[in-house]
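Structural features, examined
Read off the chains here:
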Amino acid sequence: LTTTASTPTSASTFNICVTDPYLQSSRMKEVFKMTMLSGSNVLNDPWEVAYGPDGFLWVNEAKGYKVHRVEPNTGAKTTVLDISQGASGYLTSAQHTAFNVQFASNQSPWPQGGFAGLAVHPQFMATSNPKNYVYVSYVHRYDGVAAGTNNGTFFTSRVVRFTYNTGTSKLESPVSLVDTLPGSNDHNSQRLIIAPVNGVDYLFYACGDMGAGQFSNANRAIKSQINASYEGKILRFNLEEDGDADTFDRWIPNSNPYNGAAQTAVWSTGMRNNQGFAYMNLNGTDMLYGASHGAFSDDEINIIKSSKNYGHPLIIGYADGNYNGVKAGSASGSLPLIVSESANATTIGASYENPIYSGYAASNATVTSIYNNQTNNGAWPSEGWSGLDIYTHTRIPGWKNSLIVSSLKWGRVLRLKLSADGTSTVAMDGSDSLSYFGSSNRYRDVAISPDGRDIFVIMDKSSTTSGPSANNPAVPACAGCLQKYTFLGYTNTGTNRSNIPTSIPIAAGNNNSCATSTTVVINTDNNNLWVPITGPDGNIVAEIKANGNNLDTVITSFYYNSGALREDGYRRLLLDRNISITPKVQPSTPVSIRLYITNAEFASIVGANNSVGQTSGVSTINNIRMLKNNDGCGASLSSTTTAITPTYAEAHGTGGYVMHANITSFSSFYFTGQDMMILPQQILAFNGQLIANDAELDWEISNEEGTAYYEVQRSTDGNKFMPAGTVISNGNNSTISKYNFRDLNVTRISAPAVFYRLKVVSVDGKVTYSKTIILTLNINYNVFIYPNPVTDMMNLKFKLSRPDHVKIEVSDVQGRIIYRNLQFVADGNSEIKIDSRTWGAQLYSVRVINSADEVIFSKSVIKL
């Protein structure tokens, strides 16, 4: 991949040239396209990348002391703030003097980070009540090196709120929230995040332990367990001033847990070097996560809570004893010897909080060996987790509610899957974590687009940023780069199968309703890949390989039936899932699809019987067939279907099955058993009427090939049917056949109505059913139609024992109603004439429906 860029100015556009766009990443085999948004040596150690509410990326430069607003597709950037030493033109002269960094770019030692924290207000550029605020944290001045050996390097940091001017596209009007934060050349942390507590948004700031106990700060006092100090803490601030009298107290929430005679920003204690923040609301609970560096091993993922103590320097990672007998730093430094982690946890008491994940927790023997020989941190199990985000979208299968971590030392992005309640991590394909985008770069931060399709990463420009990394410098392959990784799908295995892992679960449905799946776009980037469609839980519903067709936006939903198996009008049993797929552009050549069903859905049809006792004929997945029609997503199958035999059907891991087919268009897909497929004949019409005491039934059939006989079935409740008689088929007739059956003396049945249907039986025993018709027995109507065939005028003669309003409907062979009229009919004899001269020559069905919505007359008429 090659990228060229102009010399950065306040508004620079990068020319992007992608030479190898596909990157298959991790053991889960997702395919990404990498786009270079800012190339090597353009950004001066970017530290934060955030996807703002305005749809832009916000990036700051730790050593450049600049903030940029970057278009996430083109890489075009605007520099909105420059507070480097000597910078001007962004603030007033007085503000530049007060807020610009007070040391030069060649400062040595350099603070860890520098211009590091950045957070954009959630209501930034909102259409209603906008809050165009951007909060930054940076090391402001160098205070010197303490006398003696390794007694500490001191800086002062601050947190400042700026207001974005939409007219000038610059950050202006700086206001300090705090300007006396401790700083160091090691473990400054400096991350910012805005997250709610009880429905109110606050600004959280990570303040590291200043590297106390190691390297040039080896003899600096460790204060992570001292509540009165900000070092080694998570701090909380207001987003806007409250009513307190003191200028800086206004920014400290009055509900902070350690407030006393004086207010303090401390929210939680016992932190080492929290370098990442991420927030989500999970099942109604606010979850704020932090990623913190371990000492020799045990990088931590913590849930940040009010007044909790995370143990440093008394406990590293879990309180599991692997640091017993060592210090969390230099043996000769200021840190206390950890005699027993579990005892320390007991001493801290109820406020102690274990991490939810401890990375590469080495054994006590390994930790002790490292402690006694600390020459090369490159061999330590610690990874140096930096930026953190949470993938809450459903776009990438299996990723929903995963923590995404950027790694400094190992040059990769890491994914950790959270449990259902977000308080622990769970295995993915047998692994506790998965690695992506491996390189020789130091990944500093990560951000995710709102639609879940793009992952953005930034990389250090420098080979080292603080004490331990100086012992193991990494020459970056892409110095200070900003890259975008776009998820595309999965490759083809060569046997027309997707490389999607079988460990990805099948999406669960919503009981007796349609669930909306994730919308995807299929274009030139991915029209020859398997593009997955996921459900609301982020698990798999279907996959499409468009075989070169650009389908554009594809919208999918799927219905899940939680009751008894459904039947269609032909008594075919339907699986509990049907899937509706609608692309913006239908394909011009065949495309491939893979549709997924669960074990439970398949098991429910195995050996099942329909309402008339016919078995499904399903014993293996190969007995399942697809039915395709033009229905929308819904509970019942209504329009005519086309049967599809899958190219293959096979197990998908242990959770279900997948079926593959090649199709020429998209719509709705149902699943049924192969022995319940519709017979080749078509029932064109099935009608009945009462003549005297008898039921006169007639029907018309086309394409009778393979039909043995018709059984007329009768019911008094519409559910339980009994045979009324049998009519033998005319045989292999490819034209239209007409049949008639008279059911004698049905008016003597003690029931208000009688129901009829046809059971159509093939010579090899296959069965299908007609629609059901109803004849009302307590009828006071006599209706006749003439002439039949009709040419110009159709006449309906009525003899009613009482007056009534009747509805007359005439429909063609496709079921389309071509005539409908509501008529008042007097008692006695009357006649209604209907002009049929504009009707085409074909067979029509005439129905008369009384005011009780009962069909009192149904007859086929031939129009010449």
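Given the structure is predicted, the values throughout are model-derived calculations rather than measurements.

**Here we look at the overall build of the protein chain**
Helix and strand counts for the protein chain come out as five helices and 58 strands. In terms of C-alpha radius of gyration, the protein chain reaches 37 Å, well past the compact-globule figure of 29 Å for 864 residues. Overall size of the protein chain, expressed as C-alpha extent along the three principal axes, is 120 × 60 × 55 Å. The 864 residues of the protein chain split such that 56% are buried.

**Remarks on the state of the cysteines**
Scanning the model with the defined rule gives two disulfides in all. The disulfide bridge from C478 ends at C481, spanning 1.8 Å between sulfur atoms. Its S-S torsion of approximately -85 degrees makes the covalent link between C478 and C481 left-handed. Here C514 pairs with C633 through a disulfide, and the sulfurs are 2.1 Å apart.

**Here we look at the environment of M428**
Positionally, M428 belongs in the loop between β25 (425-426) and β26 (434-436). Each C-alpha atom of the pair M428 and Q102 lies 48 Å from the other, and the pair is 326 residues apart in sequence.

**Structural notes on the sheet that holds strand β52 (residues 781-786)**
With antiparallel pairing, three strands are arranged side by side in an open sheet as β52-β53-β56. Bordering the open sheet on either side are β52 and β56 (828-835), each of which pairs with just one other strand. Each strand of the sheet is rotated relative to its neighbour by a mean of 20 degrees, with strand direction disregarded.

**Here we look at the nonpolar core**
Counting residues in hydrophobic clusters, the biggest one holds 37 residues, and the most contacted among them are I544, I581, L595, I624 and F671. When sequence neighbours within four positions are dropped, the list of residues in contact with I624 reads L575, F602, I605, V618, P646, M659, F671 and T672. With 31 residues, the next largest nonpolar core counts W399, Y436, I455 and F487 among its residues.

**Describing the pairing of strand β24 (residues 412-418)**
In terms of residue burial, β24 counts as a mostly covered element, since seven of its seven residues are buried. What you see with β24 is no split at all: R412, L414, L416 and L418 on one side and V413, R415 and K417 on the other are buried throughout. As judged from the six bridges shared by strand β23 (residues 402-407) and β24, these two strands associate in the antiparallel manner. Bridged to S407 within β24 is R412. Here β24 pairs with β26 via three bridges, running antiparallel. In the sheet register, L414 faces β26, and the bridge partner there is S435. Joining the antiparallel neighbours β24 and β25 is a turn of six residues, in which G422 adopts a positive phi near 75 degrees.

**Some thoughts on the environment of A146**
Turning to its location among the elements, A146 is positioned in the loop between β11 (133-145) and β12 (153-165). On a C-alpha basis, the gap between A146 and N217 in space is 9.3 Å, while along the polypeptide they are 71 residues apart. Among all residues touching A146, those that are not within four sequence positions of it are N151, G152 and F154.

**A word on the pattern of salt bridges**
Going through the model one piece at a time under the given rule, you end up with 28 salt bridges. One salt bridge in this structure joins K63 and D45, with 4.0 Å as the shortest N-O distance. With K63 in the loop between β7 (57-61) and β8 (66-70) and D45 in the loop between β5 (30-38) and β6 (46-51), this pair connects stretches of sequence that are 18 residues apart. Two residues, R191 and E48, come together in a salt bridge whose shortest N-O distance is 2.8 Å. Placement of the pair is R191 in strand β14 (residues 189-197) and E48 in strand β6, with a sequence separation of 143 residues. Of the two residues examined, R191 and E48, each falls in the buried class. One network of salt bridges, in which partners are shared, links K807, E809, R820 and R847.

**Concerning the side chain of H121**
In this fold, H121 is placed in the loop between β10 (115-120) and β11. Not counting residues within four places of it along the chain, the set of residues in contact with H121 comprises P53, K131, Y133, Y135, I194 and L239.

**Things to note about helix α2 (residues 341-348)**
Buried within α2 we find E341, N344, A345 and I348. Across the axial projection of α2, the buried residues extend over an arc of 100 degrees, all falling on one side. Facing away from the buried surface of α2 by more than 90 degrees, the exposed residues are T346 and T347. G349 lies just past α2 and shows a positive phi near 90 degrees.

**Looking at the confidence of the model for the protein chain**
Residues at a pLDDT of 70 or more form 93% of the protein chain, whose mean pLDDT is 91. Note on residues 1-20: pLDDT under 50 across the span, and 44 contacts to partners over four residues away in sequence or across chains.

**Some remarks on unusual backbone geometry**
Leaving glycine out, the prevailing phi sign among residues is negative, and the prevailing peptide bond configuration is trans. The omega torsion across H312 and P313 is 5 degrees, close enough to zero to call that bond cis. Following the sequence through the fold, P313 ends up in the loop between β20 (299-303) and α2. In the segment running from N788 into P789, the intervening peptide bond is cis, with an omega of 10 degrees. Note on placement: P789 falls in the loop between β52 and β53 (793-800). In this structure, N150 is a non-glycine residue whose phi angle is positive, near 55 degrees. With respect to the element layout, N150 can be found in the loop between β11 and β12.

**Notes on the sheet that holds strand β44 (residues 682-691)**
Sheets are built from strands paired through backbone hydrogen bonds, the pairs being either parallel or antiparallel. The strand order across the open sheet built from three strands is β44-β45-β48, with neighbouring strands paired in antiparallel fashion. If you trace the sheet from one side to the other, it starts and ends with β44 and β48 (736-743), each paired once. In this sheet, adjacent strand axes meet at a mean angle of 15 degrees when their direction is disregarded. Strand direction decides the pairing type here: strand β45 (residues 694-702) and β48, joined by eight bridges, are antiparallel. Bridging from a neighbouring strand, E700 pairs with K738 of β48.

**Observations regarding the packing of aromatic side chains**
For the structure on display, the rule yields 34 aromatic pairs. Ring geometry for F115 versus Y138: centroids 5.5 Å apart, planes at 70 degrees, classification edge-to-face. Of this pair, F115 sits in strand β10 while Y138 is found in strand β11, placing the two residues 23 residues apart along the sequence. Assigned by exposure class, F115 and Y138 land together as buried.

Rules behind the numbers
- Residues numbered from 1 in each chain as written.
- Predicted model: local features only at pLDDT ≥ 70, side-chain atom pairs only at ≥ 80, totals over all residues.
- Heavy atoms only, no water.
- Helix = DSSP H or I, 4+ residues; strand = E, 2+ residues; numbered from the N terminus.
- Rg over C-alpha atoms; globule rule 2.2 N^0.38 Å.
- Buried < 20%, exposed > 50% of the residue type's maximum accessible area, 1.4 Å probe, protein only.
- Disulfide = S-S within 2.5 Å.
- Pairing = 2+ DSSP bridges.
- Axes fitted to C-alpha atoms, helices over the stretch in contact; angles between N-to-C directions.
- Core = buried A, V, L, I, M, F, W, Y, C linked by side-chain atoms within 4.5 Å.
- Contact = heavy atoms within 4.5 Å.
- Salt bridge = Lys/Arg side-chain N within 4 Å of Asp/Glu carboxyl O.
- Arc of directions from axis to C-beta.
- pLDDT = per-residue confidence, 0-100.
- Phe/Tyr/Trp six-rings, centres within 6.5 Å; stacked < 30°, edge-to-face > 60°.

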